[in-house]
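One-letter residues, chain by chain:
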Amino acid sequence: MVVISDIIVQGVQMLLVLLLAPLLTGYVRKIKARLVRRQGPSVFQPYRDLLRLMRKEVVLADNASWLFRVTPYITFAAIWVAAALVPTFATGLLFNWTADLIAIVALLGSARFFLALAGMDVGTSFGGIGSSREVMIAALAEPAMLLIVFCLALVAGSTQLSTVAHFLASTYVGLRVSLGMALVALFMVAIAENARIPVDNPATHLELTMVHEAMILEYSGRHLAMIELGAFLKLLLYVSLIACVFFPWQIALYGSGALSYTIGTGAYIVKLALAGFLLALFETATAKMRVFRVPQFLGAALMLGLLGTLLLFVSRSF
Amino acid sequence: MHSLAFDVSHTLAGGLVLISLMMLYQDRLYSLLNVFALHALVLSLSVAWQAFIQDAPHLYVTAFIALVFKAIIIPVALHRIVKQLGIHRDIESAVGIGPTMLAGMGLVALSLVLMLRVTSDADPLAREDLAFALSVVLLGLLVMVTRRNAVSQVVGFMSLENGLVLAATGAKGMPLVVEISVAFSILIAFIVVGIFLFRIRERFDSVDVSALDDFRGERR
């Protein structure tokens, strides 16, 4: 009986992230449009886009290999699994034992690896440039992310997300400058990884600056839909990661009743709305930076992560 | 184990180290000056907090001096100097930003390792203050070494002195007279450096100190 309810809760979590991901992106787009005094498309527009893409015919290049065709599914699957591992409304779910931060980083890394390979597969120059830029960003974002993980793991004594969330929700933690640095660094990494504005702007096709778009330029139809959905899920994943690690308020604990699950879901949606609003505000307030300034931006994230980890040694030293 | 007093002073001192690193990262002169003002502001907050938890009212005077001189007068004066000199607002750094940041992180790690070993039986509060103060001092030196512009070297020197004040307040019991005399000597040094800046500029039409090397006949 317990096993069945565990499976149901985990299934709800997987469906919840899948259903909410396009909504979050649509919501961010809507807020951005409203902030610059435009009407903007409906918040449900991403769902319509996905449905339309699903119905369209797939156009493949003659020299596209099998890798090009399977990559959208691999990418989507890896990101979905990673998103299902992050505790959104409840901790201690069925997959809890695998919900390790390092595993999540590895899943996202392999998704990006396949996407970069597929970008180079057809052999157009845009795909190559997109892949090379994406890998340049990833090569800097990943060490920064791992330093953040180490920082959290040193505070909470575990890299398992449920344990980290439990520990940080307790009153034992207190005021820690390291956690503040890790939060800022995680925010910067999230912006770079999701191709948001200071690093990349997925809404334009300007060859001087495009990174993510150049890489997936050859995709069409349901393949593109899968990749887009994967990108939506990735944004949701990072937002819920920040929410569950740094703001684990009202998150339901393992084995609690349906009521606390409902409260947890409500709190999660409120957190998403707030994060989406802040993201939109940040994006309208900043300008896109040159591609070759991105290493400096991510270098700052790396520095914050490293400094946070170093400062922990001072506060732990007695 | 985690008292609020320790956490707040830890946060402020850690913030000071972070702002020192931010100073390494700046490539515009005006933003460097703004970061320096922020550095002094955090320093005065940190000193005021030390005064509060150590129950040492004379430290409030130090905090006040830091606030007025270093956070307001010196940055404003430097802004005016930069405007009067009409120098490039980009800073020519001798070493690229990436290696500089790595060196900065290395220095922070070095000072933490060193201080935590050396002061193993001191009071934890003084201990972490000393470790952070040493890293602020080393980062100030690094700013001076890696910049070729004389104004940013002055900023590095001033931030180094901020680290000294942090160490002095953490160590409990620096006499007020010493503090005031240090603050004034810094002010005098600042005035002297300001005069020198104008002299260098008058002679070489630039405040890039590499011009001095040519003048001395040293080839680089």
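I will try to describe carefully the structure that is included in this document. Remember, it's a predicted structure, so these values are computed and weren't measured experimentally.

Rules behind the numbers
Residues numbered from 1 in each chain as written. Chains lettered and ligands numbered in written order. Predicted model: local features only at pLDDT ≥ 70, side-chain atom pairs only at ≥ 80, totals over all residues. Heavy atoms only, no water. Helix = DSSP H or I, 4+ residues; strand = E, 2+ residues; numbered from the N terminus. Rg over C-alpha atoms; globule rule 2.2 N^0.38 Å. Buried < 20%, exposed > 50% of the residue type's maximum accessible area, 1.4 Å probe, protein only. Contact = heavy atoms within 4.5 Å. Areas by Shrake-Rupley, 256 points an atom, 1.4 Å probe, with all protein chains shown as cover. Lys, Arg positive; Asp, Glu negative; His and termini not counted. Charge placed at Lys NZ, Arg CZ, Asp CG, Glu CD. Phe/Tyr/Trp six-rings, centres within 6.5 Å; stacked < 30°, edge-to-face > 60°. Salt bridge = Lys/Arg side-chain N within 4 Å of Asp/Glu carboxyl O. Patch = residues over 30% accessible without salt bridge, like charges linked within 9 Å, V, L, I, M, F, W, Y side chains within 5 Å. Axes fitted to C-alpha atoms, helices over the stretch in contact; angles between N-to-C directions. Parallel < 35°, antiparallel > 145°, perpendicular 65-115°, else oblique. Nonpolar A, V, L, I, M, F, W, Y, C, P; charged D, E, K, R; others polar. Buried area = accessible area lost by both parts, 1.4 Å probe. Polar contact = N/O pair within 3.5 Å; in protein donor to acceptor, adjacent residues only side chain to side chain. Expected span 1.5 Å × (residues − 1).

## A short note on the overall build of chain A
- The number of helices and strands found in chain A is eleven helices and zero strands.
- Listing the helices and strands of chain A from first to last along the sequence gives α-α-α-α-α-α-α-α-α-α-α.
- Its C-alpha radius of gyration of 20 Å places chain A within 12% of the 20 Å reference for a compact globule of 318 residues.
- Principal-axis analysis of the C-alpha atoms gives chain A an extent of 60 × 45 × 45 Å.
- Per-residue burial for chain A yields a buried fraction of 53% across its 318 residues.
- Taking contacts inside chain A between residues at least 6 apart in sequence as the whole, the part at least 24 apart equals 83%.
- As displayed, chain A has an accessible area near 14,000 Å², and 70% of this comes from carbon and sulfur atoms.
- Charged side chains in chain A number 22 positive and 15 negative. The centres of these two groups are separated by 10 Å.

## Examining the packing of aromatic side chains
Residues and elements named next belong to chain A.
- For the structure on display, the rule yields eight aromatic pairs over all chains.
- Relative to Tyr47, the ring of Phe44 has its centre 6.1 Å away and its plane inclined at 35°; by these criteria the two rings are tilted.
- Judged by relative accessible area, which is 25%, Tyr47 ranks as partly exposed.
- Here the aromatic rings of Phe89 and Tyr261 are separated by 5.9 Å at their centres, their planes lie at 85°, and the arrangement is edge-to-face. Of this pair, Phe89 sits in the loop between helix H3 (66–85) and helix H4 (101–121) while Tyr261 sits in helix H10 (residues 258–285), and the two are 172 residues apart along the sequence.
- You can call Phe89 buried: its relative accessible area is 3%.

## A look at the pattern of salt bridges
- As enumerated under the stated definition, the model contains eight salt bridges over all chains in all.
- Across the pair A:Lys32 and A:Glu283 runs a salt bridge, and its minimum N-O distance is 3.1 Å. Within this pair, whereas A:Lys32 is found in helix H1 (residues 2–35), its partner A:Glu283 is found in helix H10, the two being separated by 251 residues in sequence.
- Using a relative accessible area of 3% as the deciding quantity, one classes A:Glu283 as buried.
- Residues B:Glu161 and B:Lys70 are paired through a salt bridge, measuring 2.8 Å at the closest nitrogen-oxygen approach. With a gap of 91 residues between them, B:Glu161 in helix H6 (residues 150–170) and B:Lys70 in helix H3 (residues 58–85) connect regions that are remote in the sequence. Side by side, B:Glu161 and B:Lys70 carry an identical accessibility label, which is buried.

## Side note on unusual backbone geometry
Residue and element names in this part refer to chain A.
- Phi at Arg37 takes a positive value of approximately 60°, unusual for a residue other than glycine.
- In this fold, Arg37 is placed in the loop between H1 and helix H2 (45–55).
- With a relative accessible area of 80%, Arg37 lands in the exposed category.
- Even without glycine at this site, Ala195 takes up a positive phi of about 55°.
- Here Ala195 is to be found in the loop between helix H7 (177–193) and helix H8 (212–215).

## Observations concerning a nonpolar patch on the surface
All names here are of chain A.
- A surface patch of nonpolar side chains, about 510 Å² in accessible area, is lined by Leu35, Val36, Leu274, Phe277, Leu278 and Leu281.
- Looking at the nonpolar patch, the element that brings in the most residues is H10, giving four residues.
- Examined against the element boundaries, Leu281 turns out to sit in helix H10.

## Topic: the packing of helix H6 (residues 161–169) of chain A against helix H9 (residues 221–246) of chain A
Residue and element names in this part refer to chain A.
- It is at 7 Å that the axes of H6 and H9 come closest, and there the two elements cross at 45°. As judged from the angle between their axes, H6 and H9 are oblique. Seen from H6, the contacting residues are Leu161, Val164, Ala165 and Leu168; seen from H9, they are Leu241, Cys244 and Val245.
- Partitioned by chemical class, the residues of the contact of H6 with H9 number seven nonpolar, no polar and no charged.

## What about the side chain of A:Glu193?
- With respect to the helices and strands, A:Glu193 occurs in helix H7.
- Setting aside its immediate chain neighbours within four residues, A:Glu193 contacts A:Arg112, A:Ala141, A:Lys234 and A:Tyr238.

## A closer look at the environment of A:Arg55
Residue and element names in this part refer to chain A.
- Mapping Arg55 onto the fold places it in helix H2.
- With a relative accessible area of 68%, Arg55 lands in the exposed category.
- Linking Arg55 and Ile4, residues 51 residues apart in sequence, is a C-alpha distance of 35 Å.

## Details of the interface of chain B and chain A
- Contacts between the two partners involve 25 residues from chain B and, on the opposite side, 20 residues from chain A.
- Between chain B and chain A lies a buried interface of about 2,100 Å² when both sides are counted; carbon and sulfur atoms form 77% of it.
- Applying the counting rule to chain B against chain A returns one salt bridge.
- Of the charged contacts in the structure, one is a salt bridge between A:Arg293 and B:Asp27, with a shortest N-O distance of 3.9 Å.
- Our count for the chain B to chain A interface comes out at one residue pair in polar contact (both at pLDDT 80 or more).

## Points about H6(B)
- The end-to-end C-alpha separation of H6(B) is 31 Å, in line with the 30 Å expected for 21 residues at 1.5 Å each.
- For H6(B), a buried count of 19 out of 21 residues is recorded, marking the element as mostly surrounded by other parts of the structure.

## What about the environment of B:Leu45?
All names here are of chain B.
- Structurally, the position occupied by Leu45 is in helix H2 (residues 29–54).
- Judged by relative accessible area, Leu45 falls into the partly exposed class, the value being 47%.
- Taking the C-alpha atoms as reference, Leu45 lies 9.4 Å from Phe64; in sequence the two are 19 residues apart.

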